[in-house]
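If you want the building blocks of each chain, they are given just below.
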Amino acid sequence: MPVRLTEKSRVVVELPMMMFLRLADGDGKMTAREMERFDELLTSRSWCHSSLLQRSLANTEAEKAELWKQYTAGELRAGIDQVAASLDTILGSLAPEERPDVEHDLVQFSREILKAARAGAGLFHGDSEAKATFDTLLDLIKRPSARAAVQVKAKSAVETKPAALNLCSLLVGDLSAEMFCRPGKLPVRCVQVIDETHDVKTFRLVADPPKLFRYYPGQFVTLEVPIDSNIVRRSYTISATPSRPHAISVTVKRVDQGQISNWLHDNLRAGSTLFLDGPHGTFTCIPDDAGPYLFISGGSGITPVMAMSRWLCDTTPEADIQFLHFARSPDDLIFAHELQLMERNLPGFHCQFVCSQVGEGSGWTGPTGRISPELLTKLVPDLKSRSVYLCGPLPFMDAARGMLEQLGFDMTRFHQEVFGGVPRRDSSAAEAQASKLAKIIFSASKIEIDCKGSDYILDLALDRGLPVAYSCRAGQCGTCKVTLLEGSVEQDCTNALTPDDEKEGHILACQARPIGRVVVDL
Ligand SMILES: Cc1cc2nc3c(=O)[nH]c(=O)nc-3n(C[C@H](O)[C@H](O)[C@H](O)COP(=O)(O)OP(=O)(O)OC[C@H]3O[C@@H](n4cnc5c(N)ncnc54)[C@H](O)[C@@H]3O)c2cc1C
Ligand code: FES
């Protein structure tokens, strides 16, 4: 009678074969010769130290005839999602102190397979492919989040149907209001993912059902991402141009330990659907369409000025634009080719890239260093005659703004967008309130908290697990707007509030500290 294996025992038997198939059997037609090579790997296991993997390899050897049968019958697959799930079953069941040894041996096993692949060139699939698969396996062994991401991706692949959107319907008939997206929440479908650099991807999105997008170049949308059983929101500039209204795009840089940027990179792909809210924001060149312009950006802060450049190039080919972009290294330059093409095609468009870290042999001949008043005036001698649009990491923006002031730039022609990320608050103002007692009542959740006048409403709400939306934490995006029902608050920054918001009692939870007793609609 066949023995009914537990999930873990079954995985212990199958995992080595799955890893072998993943790395060495690119064409899905494993030959008897390849199977022999696998046999050798199972028996010569002097490299293997953990008892679990020793047992696993021994079991696989004992079961190899059965595994082979399953493989030829198409019952044993080694899809990356199955390998991720099997690794999760094994590594997740281990005590923390056992895990490093098993991880080490799994990496070693992958190396042994790769070595065998190299030795048997011609029998295994190409080296570069095998190396890429090896790197993916390594990531899966070491990072539980990578395993989870692969599994979620596979699940959404099953759940999302391929796009069958008839965008062409928007090209015929009379233009009507129904053909345009209304501001607010909107279902969208990802139609393409573009690798811009090693850590930046562009996601092209169409409305689902198809509609035309209307927004100002430089505005942003807030993406709603389902994680566990919560919806997490983050804002991203629309990097596309409204002059091409059938699709929009967002261009996202991976942030170290960042929840949503990494989720998007790991999970969002052509066919996936999600909701967004927008468009929002006032950072746009539209009311100032006379120019001349100076666009200054650092890192992923390039997105809004790219959107403005694309718009101006499509609609105002004679526009006078100086585009300055600061990046860490030549490998970090985003949209470089497109910008160079724009420069070639448009007489008034000039772009210059500056890199702060240039390795030897990189071939970089452009300017290097960090932003400085000298560099700014050297690169754009007529900067004082321009309207400046600035976006980038906070320290970069603080520095650039200070330099413009120092150079005597007329700050009425200065515009900036803050991406935020890390809370940006007035710590001295908060400290002054630290000794004052306050009480906050979240009316919808019926939660009362005794707190201090230095506590921020967003932090208090998040601490209590309330699903409050936020993005920049710097008072810039408005995602955290809530209604103050009673009492008053002190806010460090209210840039994201319009006069109407203020009249209607909206406050920014990320910036607001309670004065005495306050009631908030949350
Ligand atoms: C208007 C607007 C437009 C934007 N446009 C873009 C764009 O075009 N492209 C783009 O890539 N990004 C853009 N952003 C930034 C984007 O919204 C996210 O902030 C970014 O992707 C990081 O989100 P995350 O969930 O990955 O990181 P999070 O999980 O929010 O963390 C961000 C970083 O902050 C740190 N951090 C978080 N909370 C704290 C804390 N309490 N104390 C200290 N450190 C903390 C984390 O460790 C991490 O390093 C925009 C933001 C705004 C407001
Ligand atoms: S989170 Fe952006 S304004 Fe509060």
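This is a predicted model, so every value here is computed, not measured.

### Regarding the overall build of the protein
Stage number 1. A count of helical and extended segments in the protein gives 16 helices and 16 strands.
Stage number 2. When the 522 residues of the protein are sorted by exposure, 35% land in the buried category.
Stage number 3. Of the contacts formed within the protein by residues at least 6 apart in sequence, a portion of 71% connects residues at least 24 apart.

### Observations regarding the site of ligand 1
Stage number 1. Around ligand 1, the surrounding shell holds 29 residues, and the nearest of these are Gly-258, Ile-260, Ser-261, Thr-303 and Cys-472.
Stage number 2. Sorting the residues of the shell around ligand 1 by element identifies β4 (230-237), β5 (248-253) and α9 (259-267) as the ones contributing at least two each.
Stage number 3. When the residues that make up the shell around ligand 1 are grouped by side-chain class, the tally is 10 nonpolar, 15 polar and four charged.
Stage number 4. Both domain 2 (177-280) and domain 4 (427-520) contribute no fewer than three residues apiece to the shell around ligand 1.

### With respect to the sheet that holds strand β13 (residues 447-452)
Stage number 1. Within the open sheet, the five strands sit side by side as β13-β12-β16-β14-β15. Their pairing is mixed. Each edge of the sheet is formed by a strand with only one pairing partner; in this case those strands are β13 and β15 (506-508). Taken over all neighbouring pairs, the strand axes of this sheet differ in orientation by 45 degrees on average, direction set aside.
Stage number 2. Where strand β14 (residues 481-491) meets β15, three bridges bridge the pair, whose relative direction is antiparallel. Counterpart to Val-482 in the pairing with β15 is Ile-507.

### Considerations on unusual backbone geometry
Stage number 1. Residue Pro-209 is bonded to the preceding Asp-208 through a cis peptide linkage, with omega at 5 degrees.
Stage number 2. You can see Pro-209 is positioned in the loop between β2 (200-207) and β3 (220-227).
Stage number 3. You will see that Phe-335, though not glycine, has its phi angle at about 60 degrees, which is positive.
Stage number 4. For Phe-335, the position within the fold is in the loop between β8 (321-327) and α11 (336-345).

### Details of the nonpolar core
Stage number 1. Among the nonpolar cores identified, the biggest contains 87 residues, and Phe-295, Ile-457, Leu-458, Cys-480 and Ala-509 are the most heavily contacted of them.
Stage number 2. In terms of residues, this core owes the most to one element, helix α10 (residues 302-315), which gives eight residues.
Stage number 3. Residue contacts for Ala-509: discarding those within four places in its chain leaves Ile-457, Leu-458, Ala-461, Val-468, Tyr-470, Cys-480 and Val-482.
Stage number 4. One finds Val-12, Leu-41, Tyr-71 and Leu-140 within the second-largest nonpolar core, a separate group that totals 31 residues.

### Considerations on α9
Stage number 1. Inspection of α9 places Ser-261, Trp-263, Leu-264 and His-265 among the buried residues, and these make up the whole buried set.
Stage number 2. Those residues of α9 that are buried lie in contact with β2, β3 and β5.

### Brief notes about the sheet that holds strand β10 (residues 387-392)
Stage number 1. Ordered in space as β9-β8-β7-β10-β11, the five strands form an open sheet in which the pairing is parallel. Only two strands of the sheet have a single neighbouring strand rather than two, namely β9 (349-355) and β11 (414-418). Averaged over all pairs of adjacent strands, the angle between strand axes in this sheet comes to 15 degrees, irrespective of strand direction.
Stage number 2. As paired strands, strand β7 (residues 293-298) and β10 are joined by five bridges and run parallel to one another. Each bridged residue has a counterpart across the sheet, and for Ile-296 the counterpart in β10 is Leu-390.
Stage number 3. The strands touched by helix α13 (residues 394-406) are β7, β8, β10 and β11; relative to β10, the strand with the most contacts, the crossing angle is about 155 degrees.

### Remarks on the pairing of β11
Stage number 1. Pairing between β10 and β11: five bridges, direction parallel. Counted as the bridge partner of Val-388 is Phe-414 from β11.

### Considering the environment of Arg-413
Stage number 1. When you line up the elements, Arg-413 lands in the loop between α13 and β11.
Stage number 2. A sequence separation of 26 residues divides Arg-413 from Ser-387, and the C-alpha atoms of the two residues are 4.9 Å apart.
Stage number 3. Beyond its immediate sequence surroundings of up to four residues, Arg-413 is in contact with Ser-387 and Val-388.

### Some remarks on the pairing of strand β6 (residues 273-280)
Stage number 1. Across six bridges, the pairing between strand β1 (residues 184-197) and β6 is antiparallel. Counterpart to Gly-184 in the pairing with β6 is Gly-278.
Stage number 2. Sheet topology places β3 next to β6; four bridges connect them, and they run antiparallel. Bridging across to β6, Phe-220 finds its partner in His-280.

### What about the confidence of the model for the protein?
Stage number 1. Mean pLDDT over the protein: 85, with 89% of residues reaching 70 or higher.
Stage number 2. Low pLDDT, under 50, characterises residues 121-125; the stretch is placed with eight contacts to residues that sit more than four places away or in other chains.

### Considerations on helix α5 (residues 80-92)
Stage number 1. For α5, spanning 13 residues, the distance from its first C-alpha to its last is 17 Å, which sits close to the expected 18 Å at 1.5 Å a residue.
Stage number 2. Inspection of α5 places Gln-82, Val-83, Ala-84, Ser-86 and Leu-87 among the buried residues, and these make up the whole buried set.

### Comments concerning the environment of Glu-40
Stage number 1. By the element assignment, Glu-40 lies in helix α2 (residues 32-43).
Stage number 2. On the neighbour-count criterion, Glu-40 (10 C-beta atoms within 10 Å) is exposed.
Stage number 3. With 76 residues separating them along the chain, Glu-40 and Ala-116 place their C-alpha atoms 9.5 Å apart.

Basis of the calculations
- Residue positions are given per chain, counting from 1 as you read along its sequence in written order.
- Written order determines the labels here, with chains lettered from A and ligands numbered from 1.
- Predicted model: local features are reported for residues with pLDDT of at least 70 only, side-chain atom pairs are reported and counted for 80 or more only, and whole-chain, interface and lining totals are derived from all residues.
- A run of H or I in DSSP counts as a helix once it spans at least four residues, and a run of E counts as a strand once it spans at least two, with each numbered from the N terminus.
- Partly exposed residues are those whose C-beta has more than 12 but fewer than 20 other C-beta atoms within 10 Å; with 20 or more the residue is buried, with 12 or fewer it is exposed, and the C-beta atoms are placed from the backbone.
- Note on contacts: each residue gets a C-beta atom placed from the backbone, and two residues are in contact if those atoms are within 7 Å.
- Here, nearness is defined through the C-beta atom: a residue counts as near a molecule or strand if that backbone-placed atom lies within 6 Å of it.
- Amino acid classes used here: Ala, Val, Leu, Ile, Met, Phe, Trp, Tyr, Cys and Pro are nonpolar; Asp, Glu, Lys and Arg are charged; the rest, including Gly, are polar.
- Boundaries between domains were set according to an automatic or database domain assignment.
- The criterion for strand pairing is that DSSP finds at least two bridges linking the strands in question.
- Whenever a helix is involved, its axis is fitted only over the stretch in contact; in every case the axis is a line through C-alpha atoms, and angles between N-to-C directions fall within 0 to 180 degrees.
- Working definition: the nonpolar core is a set of buried Ala, Val, Leu, Ile, Met, Phe, Trp, Tyr and Cys residues, joined through C-beta atoms within 7 Å.
- The predictor attaches a confidence to each residue, and that confidence, scored 0 to 100, is pLDDT.
- Multiplying 1.5 Å by the helix residue count minus one yields the expected span of that helix.

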